Amino acid sequence: MKALVSVKRAVDYNVRIQVKPDGSGVVTDGVKHSMNPFDEIAMEEAVRLKEKGVVTEIIAVTVGVKKCEETLRSALAFGADRAVHVLEEGAVQPLTAAKALAAVFKKEEAKLFLCGKQAIDDDANQTGQMIASLLDLPQATFASKIVIEGEKAKVTREIDAGLETLEVDLPAVITVDLRLNEPRYLKLPDIMKAKKKAIDPQSLESLGVSAGAGLKIIKTSNPPARTKGIMVKTVDELVSALKNKGLV
Amino acid sequence: MSKILIIADIHGGKLGAAVYKTVAAAGPIGGEIHIAVFAVDGAAAAAEAAKVEGVSKVLQIDNPANEHEMAAVLTPQIVALAKDYTHVLFAGNTFGKDIAPRVAAKLDVQQVSDIMAVHSATSFDRPIYAGNAICTVEAPAAPCIVATVRLASFQAVGDSGSASVESVSISAEIPTHTRFVSLEAASSERPELQSATRVVSGGRALGSEEKFKIIYNFADKIGAGVGASRAAVDSGYCPNDMQVGQTGKIIAPDLYFAIGISGAIQHLAGIKDAGTIVAINKDEDAPIFEVADFGLVGDLFQLVPELQEKL
Ligand SMILES: Cc1cc2nc3c(=O)[nH]c(=O)nc-3n(C[C@H](O)[C@H](O)[C@H](O)COP(=O)(O)OP(=O)(O)OC[C@H]3O[C@@H](n4cnc5c(N)ncnc54)[C@H](O)[C@@H]3O)c2cc1C
Ligand SMILES: Nc1ncnc2c1ncn2[C@@H]1O[C@H](COP(=O)(O)O)[C@@H](O)[C@H]1O
C-alpha cells in the first residue's frame, strides 16, 4: 500500500524564540529550521512499515515556500521514495494545508496518511484530523503504537485517561505521538541519494484548493515573564519560605 | 448576542472536570451557553451539567454509538447541532483536540486552538512556539467559530447553577469505520494533574522506576498530583499520561515541584501558569532556576526525603 507522510518545515526545537519588537511575528530569518520533530516520527514509522513489507511506496508532501524543499530532501533521505511540494508563498494555516494534503492523498490513491500530531511552531494540532474529516476517513490521533493487519489498523492512542486502542478501516489518517518510535539518524549516503529523487511541484491552484478566510493574525507578543525567584541554601529555608507564602 | 455550544467530555458516565473551565472561557464571549452531553445514557452527566454555573441549557443526546466519544462518531452529530450556534467550544484536552478539528473542517472554518484569553466574541489570544509567543487572532464570525480552550488559563466555574435539560435526537449518519478496542486506564488515587492544587514532578535524574517512588512518596505526603518530564516518561520511570509540557499536559497548580528536571522549554511550556515553582537540581546553572520562585541546589536523593520529613 501507498503511504503519504506530511512533513512541515519548522523552527528547530532547540531555538529560543524571539518575538519581533513590532509585534508582527517571531524572528525566523537566519534561524535554524528542521523537519517538525513529530513528522520525523511519522517518517520513521512509514519507513519501518516499508521495511516490514506492509507499505510499498512512501510519498512525502509539504505545503509551503521554496525552502521547504530542504525538508522534503530530509524526508527522502529518511526513505521516502518521492515527494510532492505544494508551493505556496503565503502563510499556510492548518485548514488550507489539510485541503492541499487531502487533495494529494486522493490523487495518489494512498491507503495510509501519517503525520505529526502537532507542528511545534503553530502548536495547532489540527491538520491530520482535518484531512480525515475532509475525506470522510477514519482518524486515529496521538498514536503510540500502530499495527496494520490487512485492510485494518489497530492504533494505540495516548489520551489523558491512559492508552486507548482503536481499530480503523483503511484508508485512514493516523497522527503520531512522541513514544511511537525513535527516528533514525540520517546517513550521508542516504542524504546524497535523496538529492536524486524526484520532487513533483504542485500548487494550491493545481490541486483545486482555495486558501479560504482563515484567522487574521492581529499581533504577536511576548508571554508574561516569570521573574527569577530566590535561591535557598537549605531545606529548612525552603520550608519556611513556603510557610511564609501560606503554601504549606 | 452569541450562542455558545460546549461539547462535554464524559468519563464513566460522569461529567469531565474540564467542562467547568471551558464554561469559564465562554463567559467573556457573552451570550447564552449550552452544554451538549453525548452518551449512551447521559441522564446523570446531564444533571451534573445543568448545575454548571452560567449554563442555560443542557442538550442530552443519547445513542448507543456514543459510548466511546470517538471523533468520527461525534462529528456528524455536533455538525448537525452547530448550525444554531455562533461558537462551538471544546476543552483543550485530548478529547477536544481529537474532535474539534474534525468538526471545524466539516464546517469549513479554521479552528482556534488553545484559547488563553478572550478579547471579544471573535478575538482571542493563543500560545504558539510552546507558549514562547502569544498570538492575538481574529476569527471570521461566519458560519461559526470552532475553538479549544487552554484549560490552565481559566478558573473552574462553580456548580450551583440550574439549567434545563432537553433530550435531543439527531438524525445523522454515523460511520462504523472506527471501532473501540480497549482502554488501559491509568488508575490512580492521586489528585488528577490538571486540577491538582499541588504537583510534584520528577525528571531523568530519578534514574529508574524504582527510584521514582521517592517522587510518589513525597507527593502523597503533601497530597499532590504526580507529573514527569518527557525524559522520565521515555525512560519508562512512569506512565505516559504523566508527561507535563508542550506536548503533554499543561497544568496550573498553586504549588509545583520540579525535581531533577533541567527545565527545557518544552517542559516549561506546561508549567508557566503554576503559582509557585520550586526546583531541586544539583546543577546550579540548570535553566529551571530561571523560572523557579525557590531554587535549591543539591542531590535530590538527600533533599527530597529531608523535605518530606520537615513538611
Ligand atoms: C517535539 C518535542 C516535544 C517535547 N515535549 C516535551 C514535553 O511535553 N515535556 C517535557 O518535559 N519534555 C518535552 N520534550 C523534551 C525536552 O526537550 C527535554 O529533553 C526534557 O524535558 C528533559 O527532561 P529532564 O529535564 O528530566 O532531563 P534532563 O534534561 O536530562 O535533566 C535532568 C536534570 O536532573 C539534574 N540531576 C541529575 N542528577 C540529580 C540529582 N541526583 N539530584 C538533583 N538533580 C539531579 C541534572 O542536573 C539535570 O538538570 C520535548 C522535546 C521535543 C523535541
Ligand atoms: N504546511 C504544511 N506542510 C506539510 N505538512 C503540514 C503543514 N501544516 C501541517 N502539516 C502536518 O500536520 C501536522 C500537524 O500540524 P498542525 O495541525 O499545524 O499542528 C504536522 O506535523 C504536519 O505533518
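Residues numbered from 1 in each chain as written. Chains lettered and ligands numbered in written order. Predicted model: local features only at pLDDT ≥ 70, side-chain atom pairs only at ≥ 80, totals over all residues. Heavy atoms only, no water.

Student: Report on the interface of chain A and chain B, specifying residues and quantitative values.
Tutor: With 80 residues of chain A at the interface, the matching set in chain B holds 83 residues. Taking both partners together, chain A and chain B bury about 6,900 Å²; carbon and sulfur atoms supply 54% of that area. Contact with chain B buries surface across chain A, with D160, L215 and R226 of chain A losing the most and accounting together for 11% of the total. On inspection of chain A and its partner chain B, the count reaches eight salt bridges. D236 of chain A is the salt-bridge partner of K310 of chain B, the closest N and O atoms lying 3.1 Å from each other. Taken together, the links from chain A to chain B amount to 48 residue pairs in polar contact (both at pLDDT 80 or more). When residues of the side of chain A that touches chain B are traced back to their parent elements, those giving at least two are helix 3 (94-108), helix 4 (127-134), strand 7 (139-149), strand 8 (152-159), strand 9 (162-169), strand 12 (216-221), strand 13 (230-232) and helix 6 (235-244) of chain A. Counting residues per element, the side of chain A that touches chain B draws most heavily on strand 9 of chain A, which supplies eight residues. Class assignment for the residues of the side of chain A that touches chain B results in 38 nonpolar, 18 polar and 24 charged. As judged from the five bridges shared by strand 12 of chain A and strand 10 (residues 133-138) of chain B, these two strands associate in the antiparallel manner. The residue of strand 10 of chain B that forms the bridge with K216 of chain A is E138 of chain B. (Contact = heavy atoms within 4.5 Å. Buried area = accessible area lost by both parts, 1.4 Å probe. Salt bridge = Lys/Arg side-chain N within 4 Å of Asp/Glu carboxyl O. Polar contact = N/O pair within 3.5 Å; in protein donor to acceptor, adjacent residues only side chain to side chain. Helix = DSSP H or I, 4+ residues; strand = E, 2+ residues; numbered from the N terminus. Nonpolar A, V, L, I, M, F, W, Y, C, P; charged D, E, K, R; others polar. Pairing = 2+ DSSP bridges.)

Student: Give me the lowdown on the site of ligand 2, citing residues and values where you can.
Tutor: Residues and elements named next belong to chain A. With respect to spatial proximity, 19 residues lie near ligand 2, and among them S6, D39, A119, N125 and T127 are the closest. The side chain of S6 places a nitrogen or oxygen atom 2.8 Å from an oxygen atom of ligand 2. Between an oxygen atom of ligand 2 and a main-chain N or O atom of G116, the distance comes to 3.4 Å. Starting from 480 Å² of accessible surface for ligand 2 in isolation, the protein chains cover 99%. Among the secondary structure elements, those contributing two or more residues to the shell around ligand 2 are strand 4 (57-64), helix 3 and strand 6 (112-116). A per-element tally of the shell around ligand 2 places strand 4 first, with three residues. For the shell around ligand 2, the per-class residue count stands at eight nonpolar, eight polar and three charged. (Near = heavy atom within 4 Å. Areas by Shrake-Rupley, 256 points an atom, 1.4 Å probe, with all protein chains shown as cover.)

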